[in-house]
Amino acid sequence: MKTLIYSSVFSLLFLAACSNGSNKTKSTTSADAKVTTAVASGSSEKGTSTAAVLASYLKLKNAFTNDNDKDAAAAGNEMVTAFASFDKKSLTPEQDKAYTDIYDDAKEHAEHIGANVGNIAHQREHFDMLSKDMYDLVKLLGANQSLYVDHCPMYNNNKGAIWLSEVKDIKNPYLGKAMPTCGTVKEELK
Amino acid sequence: MKGIKKILLGLLVIFILIQFVQPARNKSRQVMPNDISKIVSVPSDVQGILKKACYDCHSNNTEYPWYVNMQPMHWFMNNHIQSGKAELNFSEFGSYTSRRQQSKLRSIENSLKDGSMPLNSYTLIHRNAILTKTEKLLLMNWVQNSKDSLNKKNFN
């Protein structure tokens, strides 16, 4: 009798665990699907493959200006997908080499931002390095939109950091709501 | 009562069986061509600190503690080593792109500053891997110098 009780309890637990697990996978796959469709629609036109990457970067930047670590993580993951669907075929060999160098680094930063919900300081460290990569990427391949290169002098113990923005007004992603208008426009990319 | 005995016996059998599944050890005796010491200079005192506090999970050479001879401890440790190496591998540092090398050095700096490395779960058992203030300072200086020398290399 006891064996029967034990085994039924175990199988119940097992079933509960299983159904939980499948629910989880379901919700993540639907989220992934959303991301891929968004990216796919962004990259369907020719020459807009940096557009998908850039769009997710700007989303990321805006999440940081609002001190929102969860949105930042979502945008980081979106960026990883955007990089994965980037089409390298149209690049010249030199561009390809430079792109690979940037991609190798940037993808990793995006992954880290995606994996660090709850630690916005750590996410911002990677955003700093990612912003330099994005600057070089836009310089290399263009952006199809005008961008502002902004500079925050205070971040990282006054070592300073740059970010790219689609608007002229300063909205600081490193200091967030604490000092939203700190920084200057350094350069305009067209 | 009988049920508990059966379960315990089952667990014991599983425990004995898993002892035969040993993952391959993370050991390579020679210095790899892509080792960080081939890219930047690594003074012997820095090398010593890296070896005792970092290399177990961030290189191709792990000093295995006694308890890995018992499963599933070896599996847990193996997981740690795999994810540690994926993140940063001093033995493969030279194979990273120059941009990534800079990023990795910066990340080392950051994790030293905020104390997130070595992991607490690691120093709990490996007490000698806890970094003293002087050791931290030494590493930070070394990272700074390495960053500068790599920067110079890439612009010449």
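Residues numbered from 1 in each chain as written. Chains lettered and ligands numbered in written order. Predicted model: local features only at pLDDT ≥ 70, side-chain atom pairs only at ≥ 80, totals over all residues. Heavy atoms only, no water.

K.L.:
Is there a simple way to explain the interface of chain A and chain B in this structure?
P.N.:
Quite often, the size of an interface is put as the accessible area lost when its parts meet. Each partner contributes residues to the interface: chain A has 20 residues there, and chain B has 17 residues. Of the roughly 1600 Å² buried between chain A and chain B on both sides combined, carbon and sulfur atoms contribute 39%. Along the contact surface separating chain A from chain B lie seven salt bridges. Here chain A and chain B share 10 residue pairs in polar contact (both at pLDDT 80 or more) between them. For the side of chain A that touches chain B, the secondary structure elements donating two or more residues are helix H1 (2-43), helix H4 (93-115), helix H5 (120-141) and helix H6 (155-158) of chain A. Counted by class, the side of chain A that touches chain B contains four nonpolar, five polar and 11 charged residues. (Contact = heavy atoms within 4.5 Å. Buried area = accessible area lost by both parts, 1.4 Å probe. Salt bridge = Lys/Arg side-chain N within 4 Å of Asp/Glu carboxyl O. Polar contact = N/O pair within 3.5 Å; in protein donor to acceptor, adjacent residues only side chain to side chain. Helix = DSSP H or I, 4+ residues; strand = E, 2+ residues; numbered from the N terminus. Nonpolar A, V, L, I, M, F, W, Y, C, P; charged D, E, K, R; others polar.)

K.L.:
Looking at this structure, how should I read a nonpolar patch on the surface?
P.N.:
All names here are of chain B. The grouping of Leu9, Leu12, Val13, Phe15, Ile16, Leu17, Phe20, Val21, Met70, Met73, Trp75 and Phe76 at the surface amounts to a nonpolar patch, some 1200 Å² of accessible area in total. Secondary structure elements with two or more residues in the nonpolar patch: helix H1 (2-18) and helix H4 (73-87). Ranked by residues supplied to the nonpolar patch, first place goes to H1 with six residues. (Patch = residues over 30% accessible without salt bridge, like charges linked within 9 Å, V, L, I, M, F, W, Y side chains within 5 Å. Areas by Shrake-Rupley, 256 points an atom, 1.4 Å probe, with all protein chains shown as cover.)

K.L.:
Please clarify how the packing of aromatic side chains should be interpreted in this entry.
P.N.:
Aromatic ring pairs are reported here in terms of the distance separating the ring centres and the angle at which the planes meet. Counted under the stated rule, the structure contains 10 aromatic pairs over all chains. Seen in terms of ring centroids, Tyr99(A) and Tyr103(A) are 5.8 Å apart; in terms of plane orientation they differ by 20°. Their pairing is stacked. Here the residue Tyr99(A) and the residue Tyr103(A) both occupy positions in helix H4, the gap between them amounting to four residues, near one helical turn. Overall, Tyr99(A) belongs to the buried group, its relative accessible area being 2%. Relative accessible area serves as the criterion here: at 23%, Tyr103(A) is assigned to the partly exposed category. A network of ring pairs unites the aromatic residues Tyr57(A), Phe64(A), Phe127(A), Tyr155(A), Trp163(A) and Tyr174(A) as a single cluster. Positioned above the aromatic ring of Tyr64(B) is the side chain of Arg25(B), whose terminal nitrogen or guanidinium carbon lies 4.6 Å from the ring centre. (Phe/Tyr/Trp six-rings, centres within 6.5 Å; stacked < 30°, edge-to-face > 60°. Buried < 20%, exposed > 50% of the residue type's maximum accessible area, 1.4 Å probe, protein only. Lys NZ or Arg CZ within 6 Å of the ring centre and 35° of its normal.)

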